[in-house]
Amino acid sequence: AQFITDNENTHTLLAVNAVLNGRLDNNFATIAKTSPRNEVVMLLAMKRNDEALRKSKLLPDNEALTHYLRAICLNRTEDPVDAYKELKKSFDMDPSLKEIAKVDGDVTDLLSIDK
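Just so you know, these numbers come straight off a predicted model, no measurement behind them.

### Digging into the overall build of the protein
A count of helices and strands for the protein gives eight helices and zero strands. Listed by position from the N terminus, the elements making up the protein come as α-α-α-α-α-α-α-α. Expressed as a percentage of its 115 residues, the buried residues of the protein come to 38%. Look at the contacts in the protein between residues 6 or more apart in sequence, and 34% of them connect residues 24 or more apart. Here the protein has roughly 7200 Å² of accessible surface; of this, 51% comes from carbon and sulfur atoms. For the protein, the distance from the average site of its 16 positive side-chain charges to the average site of its 19 negative ones is 1 Å.

Okay, structure coming up:
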């Protein structure tokens, strides 16, 4: 990335690369404007959990990933009951998310509620 000139065509690419290398704050705005979902993910990465929860409520309800992200937000803001409901809803919509949840530290504690 250090050899790529930052311009209109490469700016988002360079921002993604920077985020993957831990430089979140300076690249938040660039990534956040790519989609509402990416904004929520960036807020979570930056531990801005309350703001992420508020923004997650604006995501489309007909997408499994919306409910998965809300589960993370709710669990981080200490609402495990609603977090569990959102996680279950995400699994109902996309069962493949169960495999991701098994190794996702943000929701693994919710999986034990089923047992």
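### Quick word on the packing of aromatic side chains
All chains considered together, the criterion is met by zero aromatic pairs. Above the face of the F28 ring, R48 is positioned so that its terminal group lies 4.9 Å from the ring centre.

### Remarks on helix 1 (residues 11–20)
Turning to helix 1, its buried residues number three or more, namely L14, A15, A18 and V19. Looking straight down helix 1, one finds that the buried residues subtend no more than 140 degrees of arc, so they occupy a single side. Buried residues in helix 1 make contact with helix 2 (28–32) and helix 3 (36–45). Just beyond helix 1, the residue with positive phi is G22, at close to 90 degrees.

### Let's talk about the side chain of N75
Along the chain, N75 turns up in helix 5 (residues 64–76). A polar side-chain atom of N75 sits 2.9 Å from a polar atom in the side chain of D109. Beyond its immediate sequence surroundings of up to four residues, N75 is in contact with P80, A83, D106, V107, D109 and L110.

Analysis parameters
- Residues numbered from 1 in each chain as written.
- Predicted model: local features only at pLDDT ≥ 70, side-chain atom pairs only at ≥ 80, totals over all residues.
- Heavy atoms only, no water.
- Helix = DSSP H or I, 4+ residues; strand = E, 2+ residues; numbered from the N terminus.
- Buried < 20%, exposed > 50% of the residue type's maximum accessible area, 1.4 Å probe, protein only.
- Contact = heavy atoms within 4.5 Å.
- Areas by Shrake-Rupley, 256 points an atom, 1.4 Å probe, with all protein chains shown as cover.
- Lys, Arg positive; Asp, Glu negative; His and termini not counted.
- Charge placed at Lys NZ, Arg CZ, Asp CG, Glu CD.
- Phe/Tyr/Trp six-rings, centres within 6.5 Å; stacked < 30°, edge-to-face > 60°.
- Lys NZ or Arg CZ within 6 Å of the ring centre and 35° of its normal.
- Arc of directions from axis to C-beta.
- Polar contact = N/O pair within 3.5 Å; in protein donor to acceptor, adjacent residues only side chain to side chain.

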